[in-house]
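Survey of secondary and tertiary structure
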2 protein chains.
Amino acid sequence: MNCAVLCIGTELTRGELVNTNAAWLSERLTAEGFTVLETVVVDDDVPRIERVLRRLGREVSFVVCTGGLGPTTDDLTAIAVAKVLGVPLVRDEASLEHIRARFRRLGRPMSPTNEKQADLPQGATVLFNELGSAPGFQVRIGEAEACFLPGVPREMKPMFEQEILPRFASRVQRTSYQLRYRTFGLPESTLGERLAGVEEAFPGVIIGYRAHFPEVEVKVLASGKDQAAARAQAEAAAAEVNARLGDHVYGTGEDSFSGVVLRELISRKHTVALAESCTGGLASSQLTAHAGASAAVLGGVVAYANSVKVGLLGVDASVIERVGAVSEEVARAMAENVRRITGADIGLGITGIAGPDGGTADKPVGTVFIAVATANGSRVERCAFPWHRAFVQQISAHMGLKLVREASQSLVAPAG
Amino acid sequence: MNCAVLCIGTELTRGELVNTNAAWLSERLTAEGFTVLETVVVDDDVPRIERVLRRLGREVSFVVCTGGLGPTTDDLTAIAVAKVLGVPLVRDEASLEHIRARFRRLGRPMSPTNEKQADLPQGATVLFNELGSAPGFQVRIGEAEACFLPGVPREMKPMFEQEILPRFASRVQRTSYQLRYRTFGLPESTLGERLAGVEEAFPGVIIGYRAHFPEVEVKVLASGKDQAAARAQAEAAAAEVNARLGDHVYGTGEDSFSGVVLRELISRKHTVALAESCTGGLASSQLTAHAGASAAVLGGVVAYANSVKVGLLGVDASVIERVGAVSEEVARAMAENVRRITGADIGLGITGIAGPDGGTADKPVGTVFIAVATANGSRVERCAFPWHRAFVQQISAHMGLKLVREASQSLVAPAG
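**Overview of the sheet that holds strand β11 (residues 215-223) of chain B**
Residues and elements named next belong to chain B. Strand order in the open sheet formed by four strands is β10-β11-β9-β12, with antiparallel pairing between adjacent strands. A single partner strand is all that each edge strand has here, and the edge strands are β10 (205-212) and β12 (249-252). Ignoring which end each strand starts from, the neighbouring axes of this sheet average 25° apart. Pairing between β10 and β11: eight bridges, direction antiparallel. Opposite H212, over in β11, you have E215 as the bridge partner.

**Concerning the interface of chain B and chain A**
Tallying the contact residues gives 64 residues for chain B and 68 residues for chain A. Considering every element that reaches the side of chain B that touches chain A, the biggest residue donor is helix α2 (residues 20-31) of chain B, with eight residues. Residue composition of the side of chain B that touches chain A, grouped by class: 31 nonpolar, 22 polar and eleven charged. Note: strand β2 (residues 35-42) of chain A against strand β2 (residues 35-42) of chain B, five bridges, orientation antiparallel. When the bridges of β2(B) are listed, A:V42 appears paired with B:E38.

**Thoughts on the environment of B:E59**
Residue and element names in this part refer to chain B. The topology assignment puts E59 in helix α3 (residues 46-59). Residue classification places E59 among the partly exposed residues on the basis of 17 C-beta atoms within 10 Å. For the pair E59 and L37, spaced 22 residues apart in the sequence, the C-alpha separation amounts to 9.3 Å.

**Describing the domain arrangement of chain A**
If you check the domain split of chain A, you get domain 1 (2-171), domain 2 (176-252) and domain 3 (257-410). Taking the mean C-alpha position of each, domain 1 of chain A and domain 2 of chain A sit 33 Å from one another.

**Considerations on the packing of helix α11 (residues 257-267) of chain A against helix α16 (residues 389-410) of chain A**
Residue and element names in this part refer to chain A. Closest axis-to-axis distance for the α11/α16 pair is 10 Å, and the angle between their directions is 25°. Taken together, the axes of α11 and α16 are roughly parallel relative to one another. Crossing of α11 against α16: the hand is left-handed. Here α11 contributes F257, S258, V261, E264 and L265 to the contact with α16, which in turn contributes H398, L401, V404, R405 and S408. For the contact of α11 with α16, the per-class residue count stands at five nonpolar, three polar and two charged.

**Some thoughts on the packing of α2(B) against helix α7 (residues 153-168) of chain B**
Residue and element names in this part refer to chain B. Running from N to C, α2 and α7 point in directions that differ by 15°, and their axes come no closer than 11 Å. Relative to α7, the element α2 is oriented roughly parallel. As for the relative orientation of α2 and α7, their crossing is right-handed in sense. Facing α2, whose interface residues are T20, N21, W24, L25 and R28, α7 presents P153, M156, K157 and F160.

Here is what the cut-offs are and how they apply
Residues numbered from 1 in each chain as written. Chains lettered and ligands numbered in written order. Predicted model: local features only at pLDDT ≥ 70, side-chain atom pairs only at ≥ 80, totals over all residues. Pairing = 2+ DSSP bridges. Helix = DSSP H or I, 4+ residues; strand = E, 2+ residues; numbered from the N terminus. Axes fitted to C-alpha atoms, helices over the stretch in contact; angles between N-to-C directions. Contact = placed C-beta atoms within 7 Å. Nonpolar A, V, L, I, M, F, W, Y, C, P; charged D, E, K, R; others polar. Buried ≥ 20, exposed ≤ 12 C-beta atoms within 10 Å, placed from the backbone. Domains from an automatic or database assignment. Parallel < 35°, antiparallel > 145°, perpendicular 65-115°, else oblique. Left-handed = near helix turned anticlockwise from the far one by under 90°.

Laid out in structure tokens, this is it:
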């Protein structure tokens, strides 16, 4: 089924936001067998919204539209749709009640501008928004079924999955199948070299890469005479991809590295404590971002200043004096001491120079020592990261969690 | 001058790439005084590329187009442009020589497909590509001047700056001016109510909102007969906006809340230490994300488990037993103790229930106690956040930094 994605918002035409909604919707629609012919962005202007809707109503069979459903005066989508259809806006009482209930639940006063969010084009089918106040809606415009969703990704995505796909998926003949793998530890160019020849060995398969520093996602997309054939080919190619990449593949789909590490810690009943200097709590916050973290994460120390390394972690001040806070010895002491003090199974220590200042000839910016300690002893990795501050912090946190994961794998899970 | 951005490529309509080119071009064009009415993406299909070019040639005065200039069979842009214009493709000898010289310099064999990159629509003006093999070109389509650039951002951006802007900038009358304010503490709907009537009081001014939880950006965009008039009107309206929003405006432009808090701490020579439970290090990592954080941030304790609250922070276990870890007493002890242990000027304590589990009737999910301690004593705020785990953590970190900021403001800066 031919379709288009329409995103409405002056913040997009002015380039203030990168249009991640369009990419996400295009990818999901493609994966579900739709053919996206066009994605288009227009500003918050009623005549231009009308014009693009009339055009798409002639050119495609299905339109997914995001944005312009909020409470403010620059949210004009419903007005434009009503004009295209030549119908009035009508207050939808069920949606209004949902908005009211939401504000009651939040304990906040509801303003009249929020009521406007329940004004929908007469005859529209309401699309339920569980996570926000603005309902979506579906109407027919010309030859196209057009669905309108809020622009907030967190609301838009579940509405697409739960309210839209089930209505349209049965009309689509799926002839492709995609598998997504999350990797950490190899740059995109090296991944490409490792996977050279896979596309030729598995006809109909395309290997795609998407970098989200410090990770790269590898996508295996197969096309075939029907979805079963495509799936079989995708899975065959994916087995080859996984064999070639080994441990660098840590998960699939929407997995996150910290989530996988946490899941493994919990399943092995291991606890972890962290002592972070240059990452300033980043690794801890990544682990504790996940529900259930308390089963494995005890916490630890953000030892940003040397006085905290000494005072709270008991690192020997004379060692810092002698070899510097960014050193193998201090990283090891941080990992061992935070483990001992908290009684955790695994201790992590990270100390380094995130930059932009603080580098020396001996230890340039990007020098990071990462140590992990268990009952079996400790190990330290010295890293030399060639990136700017934010990237050094991000990859240091990732590397720290990688060492925690390896330490957990190396420990025998305790009984019980 | 009204313009449009057109991006060509099936990798975009399939959602394999996020369209950062469109955002970058839209932002640059807007900053240079162009009005971007639309950005559109189509796949590598000659009839569809023709159709969108003909349409844009009727609707706008200027089109910047990226993509489809490469050497492979799915690079079809020049062919489509030639068809729209009814002219043949003609090999441009100067471009061909540039491509050849490039391959000689790289020491790589040149394939016949690369020669195709020098085939341009007859009569087109060549746009020089210093960093790649594909030349760009400029033609007139209908009412629009249309410029075609490669899709590789590294090549596209300098070509836009050096080859395109100088040709068109003089034709643009800049008649708008925008100011951006960053706010924390009021939801978008309340901001809208507080700013009701500002647009009417300042003709030509549009107030825009952009929510990035837990913040909302407020944009004041003014149009006038020239840029000076627009700027004066924007600044007048902005003064009114700031007066109405007060302290909820924490910064402008690209400021971040943690960055502003850190800057203020450094300017007052205040140090801070943090004791985080439910935020798991998030507030610490936000402060230490900024270069120079070591001038103010000592670090602290991620006291996720109660054993760490007791063991590392010295919180009285019997108090936790009696009133629970999520309590005013424990938050206060965390803030006071982390301050005392580290010797910081300001201590922050955050303890709460981020969810999804752990809530009770008395303390539902989203209950967070945030305490701040200074030499003048301590205060605790009890918050009831109605959101999911990630949002509870994010807004708790923000609220914590807000209390740190207020504590710093209330302390007299030490001499020296």
